[in-house]
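# Results of the structural survey
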Amino acid sequence: NSSDEFLKSVTKIEEIFKNYPRYLELLSSPVITIDEKSELIDEAFSKNTNNYVVSFLKLLCKKGHIKGFSKCAREFDKLYKVLNNITTARVVSATKLCEVEKRELIKKLQKLFKKTVELELSVDSSILGGLIISIEDKVIDRSLRNSLLGIKDVIGK
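So, a few notes on the structure that sits alongside this text. (Residues numbered from 1 in each chain as written. Predicted model: local features only at pLDDT ≥ 70, side-chain atom pairs only at ≥ 80, totals over all residues. Heavy atoms only, no water.)

Put simply, the largest pocket is a space of about 290 Å³. For the largest pocket, the lining is made up of 14 residues, of which Lys81, Ile86, Thr87, Thr88 and Arg90 are closest to its centre. Among the secondary structure elements, those contributing two or more residues to the lining of the largest pocket are α5 (69-83), β1 (86-93) and β3 (130-135). Among the residues making up the lining of the largest pocket, the classes are represented as three nonpolar, four polar and seven charged. Considering only enclosed or pocket space, the second largest pocket measures out at about 160 Å³ in volume. Lining the second largest pocket are Leu97, Glu101, Glu104, Leu105, Lys108, Leu109, Leu131 and Ile133. Within the residue set of the lining of the second largest pocket, elements represented by two or more residues are α6 (99-113) and β3. With five residues, α6 is the single largest residue contributor to the lining of the second largest pocket. Across the lining of the second largest pocket, the residue classes tally to five nonpolar, no polar and three charged. (1 Å grid on protein atoms, 1.4 Å probe; cavity = no way out; pocket = protein on both sides within 12 Å on 5 of 7 lines; lining within 4 Å. Points joined across faces, edges and corners; volume = space filled by probe spheres on them. Helix = DSSP H or I, 4+ residues; strand = E, 2+ residues; numbered from the N terminus. Nonpolar A, V, L, I, M, F, W, Y, C, P; charged D, E, K, R; others polar.)

So this is what it looks like as structure tokens:
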């Protein structure tokens, strides 16, 4: 029952490694002993990180796989989302969505998919208007560009 705490710890460490790539290089250096790496991890993380996650970092260092932490973090995130019935919708819009539009979209998608929905938003002015939503194995294309292409096909026949 510690998955929330684990996710917080893993996410925090992932962000640190991303912002300080030299620290990750230090932990993967063959010049530094395993004991020194273990001490570095304790100094940096033991006070405010879950003990199991700290132990996992030490294990990755010991086995020479600390650079693979990012991959492990992504996999844990996937498992966490499955466990907690969370899905991600990738949404492309012609213009940036306001907060009200985001909330309404989340509400509709949660009702449709019966899951907690997180949004990954991007803007592509070439769709002219509307939205393209990719969620799970479905694509919902309600873009103006797609509608115009449909009309063009009907007129062309």
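Next up on the list: the pairing of strand β4 (residues 138-143). Where β3 lies against β4, six bridges are found, and the strand directions are antiparallel. Paired with isoleucine 132 across the strands is aspartate 141, a residue of β4. Between the end of β3 and the start of β4, which pair antiparallel, lie two residues, with glutamate 136 showing a positive phi angle near 55°. (Pairing = 2+ DSSP bridges.)

Before going further, it helps to examine a nonpolar patch on the surface. Taken together, Leu128, Leu144, Leu148, Ile151 and Ile155 make up a surface patch of nonpolar side chains, about 500 Å² in accessible area. With respect to the helices, strands and loops of the structure, isoleucine 151 is situated in helix α7 (residues 144-156). By relative accessible area, isoleucine 151 is classed as partly exposed at 47%. (Patch = residues over 30% accessible without salt bridge, like charges linked within 9 Å, V, L, I, M, F, W, Y side chains within 5 Å. Areas by Shrake-Rupley, 256 points an atom, 1.4 Å probe, with all protein chains shown as cover. Salt bridge = Lys/Arg side-chain N within 4 Å of Asp/Glu carboxyl O. Buried < 20%, exposed > 50% of the residue type's maximum accessible area, 1.4 Å probe, protein only.)

Further remarks concern the side chain of asparagine 50. Mapped onto the elements, asparagine 50 comes out in the loop between α3 (34-45) and α4 (51-63). Discounting residues that sit within four places of it in the chain, asparagine 50 has contacts with Glu5, Phe6 and Ser9. (Contact = heavy atoms within 4.5 Å.)

One face of the sheet, then the other: side chains in a regular strand alternate in exactly this way. Of all eight residues in β1, six are buried, a share of seventy percent or more. For β1 and strand β2 (residues 116-123), the ladder comprises eight bridges, and the chain directions are parallel. Bridge pairing links threonine 87 to valine 117 in β2. A crossover connection joins β1 to the parallel β2 through α6; in handedness this β-α-β unit is right-handed. (Right-handed = clockwise from strand over helix to strand, strands pointing away.)

Take the nonpolar core next. Of all hydrophobic cores here, the largest spans 16 residues; its most connected members are Phe17, Phe45, Leu57, Ile66 and Phe69. Counting residues per element, this core draws most heavily on α4, at five residues. Formed by nine residues, the second largest nonpolar core is a distinct cluster that contains Ala89, Val91, Leu97 and Val117. (Core = buried A, V, L, I, M, F, W, Y, C linked by side-chain atoms within 4.5 Å.)

A word on unusual backbone geometry. Its identity is not glycine, yet lysine 114 carries a phi of approximately 55°, on the positive side. Residue class for lysine 114 comes out exposed when judged on its relative accessible area of 66%. Within the chain, leucine 128 stands out as a residue other than glycine whose phi angle is a positive 70°. As for its position among the elements, leucine 128 is in the loop between β2 and β3.

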